[in-house]
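Here is how the chains run, residue by residue.
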Amino acid sequence: QVQLVESGGGLVQAGGSLRHSCVASGSIFVINAMGWYRQAPGKQRELVARITSDGSTYYADSAKGRFTISRDNAKNTVCLQMNSLKPEDTAVYYCRMVVRRDPSGPQYQYWGQGTQVTVSS
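So, a few notes on the structure that sits alongside this text. (Residues numbered from 1 in each chain as written. Predicted model: local features only at pLDDT ≥ 70, side-chain atom pairs only at ≥ 80, totals over all residues. Heavy atoms only, no water.)

## A look at the state of the cysteines
The final tally for this structure, using the stated rule, is one disulfide. The closest cysteine sulfur to the non-disulfide-bonded C79 is located on C22, 8.9 Å from its own sulfur. Owing to a relative accessible area of 10%, C79 belongs among the buried residues under this scheme. (Disulfide = S-S within 2.5 Å. Buried < 20%, exposed > 50% of the residue type's maximum accessible area, 1.4 Å probe, protein only.)

What follows is the structure, given as structure tokens:
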């Protein structure tokens, strides 16, 4: 099995910054895509940012220019640096990783436990 553990999040004033980290452990051969999602109350979970194994990134329009996703393959870690935070960024943030557990096996997706981000105005 594979476990994802998130850290970071918290309460911050508008305009502030926060940094999320997510570390994977367990039976891992390779991690392909890594990403961050968020879910605000009453809304569907949405993609915030994604990074592939070769470092290509994608950002939701709401995150462009303010958030930066990065990964450390040696440490099985993905981070999300969030700057210029706005009240509308308030949500539970989840990391997601697509993992291959052995060279010839299928890929599985795993999710972190979620961390609350609250941005006050």
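Now that the structure is up, let's keep going.
## Describing the side chain of T115
Along the chain, T115 turns up in strand β11 (residues 115-120). Of the polar contacts made by the side chain of T115, one reaches the side chain of H20; its length is 3.2 Å. Apart from residues no more than four positions distant in its own chain, T115 is found in contact with E6, G8, H20, A91, V92 and Y93. (Helix = DSSP H or I, 4+ residues; strand = E, 2+ residues; numbered from the N terminus. Polar contact = N/O pair within 3.5 Å; in protein donor to acceptor, adjacent residues only side chain to side chain. Contact = heavy atoms within 4.5 Å.)

## Comments concerning the sheet that holds strand β3 (residues 18-26)
Reading across the sheet, the four strands line up as β1-β3-β8-β7 and stay open at both edges, with antiparallel pairing between neighbours. In this open sheet, the two edge strands, each paired with only one partner strand, are β1 (2-7) and β7 (67-72). Going across the sheet, the axis of each strand differs from the next one's by a mean of 15 degrees, ignoring polarity. Both β3 and strand β8 (residues 77-82) contribute to a ladder of six bridges, which runs antiparallel. Each bridged residue has a counterpart across the sheet, and for C22 the counterpart in β8 is V78. (Pairing = 2+ DSSP bridges. Axes fitted to C-alpha atoms, helices over the stretch in contact; angles between N-to-C directions.)

## Focus: the environment of W36
Along the chain, W36 falls in strand β4 (residues 30-39). Given the relative accessible area of 0%, W36 is considered buried. Each C-alpha atom, one on W36 and one on S121, is 23 Å from the other, the two residues being 85 residues apart in sequence.

## Details of the nonpolar core
Among the nonpolar cores identified, the biggest contains 29 residues, and V78, L80 and M97 are the most heavily contacted of them. At the level of secondary structure, the elements contributing two or more residues to this core comprise β1, β3, β4, β5 (46-51), β7, β8, β9 (91-100) and β11. Each residue touching V78, except ones within four places of it in the same chain, is listed here: H20, S21, C22, M34, W36, I51, I69, S70, R71, C95 and M97. (Core = buried A, V, L, I, M, F, W, Y, C linked by side-chain atoms within 4.5 Å.)

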